Amino acid sequence: MTEATVEVVPDPETLATRVAARLLERLAAVQAEGRVPSISLTGGSIAEKLHREVARLSATSGVDWSWVEVWWGDERFVARDDADRNARQARHALLDQVPVDPARIHEMPATGDGDIEHAAAAYAEELRSRSEGPFDVMMLGMGPDGHVASLFPGHPQLDVDDRDAVAVTDSPKPPPQRVSLTYRALNRSRSVWFLVTTEDKAEAAAAAISGADRHDYPAAGVHGQDETVWFLDEAAASRLG
Ligand SMILES: O=C1O[C@H](COP(=O)(O)O)[C@@H](O)[C@H](O)[C@H]1O
């Protein structure tokens, strides 16, 4: 397990620009090695800003978006065009703005694609059949309760270690039905980047970074194989020791 590093920036806007630039550099570097990079997107409050920045900076980045695999760490199990969908947000702010190959966008199933258990199993199967190794970059938000993807404190999904995706039917944060990657899949990432802003997440960030029990602060259980970086704004970093 790699030691986590922390980068603190003044505010959410600076964080979005910093991470967007870092992501584009990484994508270009992986493509220069002759590999197709794979990234996993997050939802939540910082995602909109990040995705807009990635789209804005893409034109001058040298990244060939037709050669990038796009996955998600979690998704709300609602209709595909519901405003709550993480993928809908990402398409609007980023994926509709860059020439990504639709066949390389691995959106999680929505209502209408079968029941939620089937949805989780289908995504696990898509990962098994379509991914060619670890995620290059796994981007994750974190809730004020320390939840990551849709793994919530004290929930049984935290102990699922025999599959890559699980159904969540009682999320404390609406909407209640979600599909989430498990630790087994999240930790199959070269780089894990946490993107955390605002003061209400400061306590959970400090706990997760200092190695709290993942059952109390689920973000504490996610680590990259090569690096784990916590990008925090000053407010979210305000409780670090
Ligand atoms: O519901 C979710 O919450 C987390 C954190 O979201 P935030 O709005 O508190 O930043 C997010 O990472 C996850 O993808 C999303 O589905």
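Parameters at a glance
Residues numbered from 1 in each chain as written. Predicted model: local features only at pLDDT ≥ 70, side-chain atom pairs only at ≥ 80, totals over all residues. Helix = DSSP H or I, 4+ residues; strand = E, 2+ residues; numbered from the N terminus. Rg over C-alpha atoms; globule rule 2.2 N^0.38 Å. Buried ≥ 20, exposed ≤ 12 C-beta atoms within 10 Å, placed from the backbone. Contact = placed C-beta atoms within 7 Å. Pairing = 2+ DSSP bridges. Axes fitted to C-alpha atoms, helices over the stretch in contact; angles between N-to-C directions. pLDDT = per-residue confidence, 0-100. Parallel < 35°, antiparallel > 145°, perpendicular 65-115°, else oblique. Left-handed = near helix turned anticlockwise from the far one by under 90°. Arc of directions from axis to C-beta.

**A few points about the overall build of the protein chain**
Helix and strand counts for the protein chain come out as six helices and nine strands. Compactness check: the protein chain gives a C-alpha radius of gyration of 16 Å against a globular reference of 18 Å for 241 residues, within 12% of the reference. For the protein chain, the spread of C-alpha atoms along the principal axes amounts to about 40 × 40 × 35 Å. Expressed as a percentage of the 241 residues in the protein chain, the buried residues total 43%. Within the protein chain, residue pairs in contact and separated by at least 24 positions form 79% of the contacts whose partners lie at least 6 positions apart.

**Some points on the sheet that holds strand β4 (residues 74–76)**
Read across the open sheet, the three strands follow the order β4-β7-β6; overall the sheet is antiparallel. Two strands lie at the open edges of the sheet, namely β4 and β6 (165–168), each paired on one side alone. In this sheet, adjacent strand axes meet at a mean angle of 15° when their direction is disregarded. Pairing geometry for β4 and strand β7 (residues 178–181), over three bridges, is antiparallel.

**A few points about the confidence of the model for the protein chain**
Mean pLDDT for the protein chain: 97, with 100% of residues reaching 70 or above. Note on the complex model: pTM 0.98, ipTM 0.96.

**Describing the packing of helix α1 (residues 12–32) against helix α2 (residues 45–58)**
Any two packed helices are characterised by the angle at which their axes cross and by the distance between the axes. Packing of α1 against α2 brings their axes to within 8 Å, and their N-to-C directions diverge by 50°. When the interaxial angle is binned, α1 and α2 end up oblique. By crossing handedness, the relation of α1 to α2 is classed as right-handed. Residues Pro12, Glu13, Leu15, Ala16, Thr17, Val19, Ala20, Ala21, Leu23 and Leu24 of α1 form the contact with α2, whose participating residues are Ile46, Lys49, Leu50, Glu53, Val54, Leu57 and Ser58.

**Considering α2**
Restricting attention to buried positions, one finds in α2 the residues Ile46, Ala47, Leu50, His51, Glu53 and Val54. The buried side chains of α2 occupy one side of the element, clustering within an arc of 165° when seen end-on. Where α2 is buried, its residues touch α1, β2 (38–41), α3 (86–95) and β8 (189–196).

**A short note on the sheet that holds strand β5 (residues 135–140)**
Taken in spatial order, the six strands make up an open sheet running β1-β9-β8-β5-β2-β3, and their pairing is parallel. Across the chains shown, the open sheet's two edge strands, defined by having one partner strand only, are β1 (4–9) and β3 (69–72). Each strand of the sheet is rotated relative to its neighbour by a mean of 20°, with strand direction disregarded. As defined by bridge partners, β2 adjoins β3 across four bridges and the pair is classed as parallel. Within β3, the residue paired with Ile39 across the bridge is Val70. Lying on the sheet, helix α6 (residues 202–209) is in contact with β1, β8 and β9 (227–233); it crosses β9 at an angle near 160°.

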